Amino acid sequence: MAKIIVITSGKGGVGKTTSSASISSGLAVKGNKTVVIDFDVGLRNLDLVMNCERRVVYDFVNVINGEATLNQALIKDKYNENLYILPASQTRDKDALSKEGVEQVLNELSQRFDFIICDSPAGIEHGAQMALYFADEAIIVTNPEVSSVRDSDRILGILQSKSRRAELGEEPVKEHLLLTRYNPVRVENGEMLGVDDVKDILAIKLLGVIPESPDVLSSSNSGVPVIHNHESDAGKAYNDAVDRLLGNDVPHRFLNIEKKGFFKRMFKGSATA
């Protein structure tokens, strides 16, 4: 049976779909058969980030309504044979996702995959609640700012009270914190919250800290998840997060201001002389 992991946030624009693309790609690269589902009905973006928008013929809602099979709707990733994408519909309403229909699709996928990644819409509307309901684990994506962290705290409350595991009295959904667009210089200047501040507020285990980087936007625009950019600090941070998700003990990087070594200072000095 597959492990169902929802990637969610209380606020839009925090890098949730970017994170879904990189984490699902990272799991697949490490040999796990993985499918990532876009739950954002009406506003799908995952297919753009993963460069498969022109290959979408059938979608998640088509499968739920019996208008297509999973085999017809699943799109094989261009970069890894272990990864598949199930896109959202652009033309349907979010209420098209029924609890029974979502469960049936997840059950069928669970027979074929090791991991099911659910890319949830932001907030607490119907599509988000459908993505959250069946989760075994949840990755809460937040920026280091007060409003984003506060909204994430609300999502944690829903996970702890309205998930299937909560309803059935089972072991709670395992929660992870993914802090995105982190800049230690801005933290030092008092312009954003530090890692410890966010951890104190949300009180969940830190999965990863993704540094602020232009590579994230350029990767999304080119349709190649940033985890595939092995020279990028953001790509390295996502790779570390995937390793931790798989249970490996990996130290956190990119939390502090990089101190230039002697040779870097010498090189900079000679370049400006």
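Residues numbered from 1 in each chain as written. Predicted model: local features only at pLDDT ≥ 70, side-chain atom pairs only at ≥ 80, totals over all residues. Heavy atoms only, no water.

**Student:** For the overall build of the protein chain, give the residues involved together with the corresponding values.
**Tutor:** Broken down by element type, the protein chain carries 13 helices and eight strands. Rg of the C-alpha trace for the protein chain: 19 Å, near the compact-globule value of 19 Å for 273 residues, within the 12% margin. With the C-alpha coordinates aligned to their principal axes, the bounding extent of the protein chain is approximately 70 × 40 × 35 Å. Expressed as a percentage of its 273 residues, the buried residues of the protein chain come to 53%. A sequence separation of at least 24 residues applies to 74% of the contacts in the protein chain between residues at least 6 apart. (Helix = DSSP H or I, 4+ residues; strand = E, 2+ residues; numbered from the N terminus. Rg over C-alpha atoms; globule rule 2.2 N^0.38 Å. Buried < 20%, exposed > 50% of the residue type's maximum accessible area, 1.4 Å probe, protein only. Contact = heavy atoms within 4.5 Å.)

**Student:** Provide a residue-level description of the pattern of salt bridges, including the pertinent values.
**Tutor:** Two side chains of opposite charge can pair, provided their charged atoms sit close to one another. Counted according to the given criterion, the structure contains 11 salt bridges. Lys30 is the partner of Asp243 in a salt bridge, and the nearest nitrogen-oxygen pair spans 3.1 Å. Taken as a pair, Asp243 in helix H12 (residues 233-245) and Lys30 in the loop between helix H1 (16-29) and strand S2 (34-38) lie far apart in primary sequence, 213 residues in all. With a closest N to O distance of 3.3 Å, Glu53 and Arg54 form a salt bridge. One salt-bridge network, held together by shared partners, links Arg186, Glu191 and Glu212. (Salt bridge = Lys/Arg side-chain N within 4 Å of Asp/Glu carboxyl O.)

**Student:** So what's going on with unusual backbone geometry? Which residues, and what values?
**Tutor:** With a phi angle near 55 degrees, Ala203 is a residue other than glycine that sits in the positive phi range. The phi torsion at Phe254 lies on the positive side, around 65 degrees, for a residue other than glycine.

**Student:** With reference to specific residues and values, describe the sheet that holds strand S5 (residues 115-119).
**Tutor:** The strands making up a sheet associate through hydrogen bonds between their backbones, and the pairing can be parallel or antiparallel. Taken in spatial order, the eight strands make up an open sheet running S3-S4-S2-S5-S1-S6-S7-S8, and their pairing is mixed. Two strands in the sheet have a free side with no partner beyond their single neighbour: strand S3 (75-76) and strand S8 (205-211). Here five bridges tie strand S7 (residues 174-182) to S8, and the two strands are oriented parallel to one another. Bridge pairing in S8 links Leu179 to Val209. (Pairing = 2+ DSSP bridges.)

**Student:** How would you explain the confidence of the model for the protein chain if you had to name every residue and give the values?
**Tutor:** Low pLDDT marks stretches whose predicted atomic positions should not be read closely. Confidence along the protein chain averages 91 in pLDDT terms, with 94% of residues attaining 70 or more. In the model of the protein chain, helix H13 (residues 262-272) stands out as the element of lowest mean pLDDT, 50, in contrast to H12, which has the highest, 98. (pLDDT = per-residue confidence, 0-100.)

**Student:** I'd like a rundown of the nonpolar core, residues and numbers included.
**Tutor:** Phe39, Phe60, Leu97, Val102, Leu109 and Ile116 are the most contacted members of the largest nonpolar core, which has 48 residues in total. The element contributing the most residues to this core is helix H7 (residues 146-162), with five residues. Not counting chain neighbours up to four residues away, the residues in contact with Leu97 comprise Phe39, Val41, Phe60, Val61, Ile64, Val102, His126, Gly127 and Met130. (Core = buried A, V, L, I, M, F, W, Y, C linked by side-chain atoms within 4.5 Å.)

**Student:** Requested: an account of the side chain of Ser89, with residues and values cited.
**Tutor:** Its place among the elements puts Ser89 in the loop between strand S4 (83-86) and helix H5 (99-110). Filtering out sequence-adjacent residues up to four positions away, Ser89 remains in contact with Asp40, Val41, Gly42, Leu43, Arg44, Asp59 and Val61.

**Student:** Got a sec to walk through the packing of H7 against helix H10 (residues 195-202)? Specific residues and values, please.
**Tutor:** One can describe the packing of H7 onto H10 by two numbers: an axis separation of 10 Å at closest approach and a directional angle of 35 degrees. At the point where H7 passes H10, the crossing takes the right-handed sense. Residues Val149, Ser152, Asp153 and Leu156 of H7 pack against Val198, Ile201 and Leu202 of H10. Class assignment of the residues belonging to the contact of H7 with H10 gives a composition of five nonpolar, one polar and one charged. (Axes fitted to C-alpha atoms, helices over the stretch in contact; angles between N-to-C directions. Left-handed = near helix turned anticlockwise from the far one by under 90°. Nonpolar A, V, L, I, M, F, W, Y, C, P; charged D, E, K, R; others polar.)

**Student:** An account of the environment of Pro144 is needed here, citing residue identities and associated values.
**Tutor:** Summarising the element assignment, Pro144 is placed in the loop between strand S6 (137-142) and H7. Overall, the relative accessible area of 4% leaves Pro144 in the buried class. Excluding residues within four positions of it along the chain, Pro144 makes contact with Leu179, Thr180, Arg181, Tyr182, Met192, Leu193 and Val198.

**Student:** I'd like a rundown of the pairing of S4, residues and numbers included.
**Tutor:** Alternating residues of S4 divide into Leu83 and Ile85 and Tyr84 and Leu86, and every residue in both groups is buried. Pairing geometry for S2 and S4, over four bridges, is parallel. In the strand pairing of S4, Ile37 is matched with Leu86. Where S3 lies against S4, two bridges are found, and the strand directions are antiparallel. Within the sheet, the bridge partner assigned to Lys76 lies in S4 and is Tyr84.

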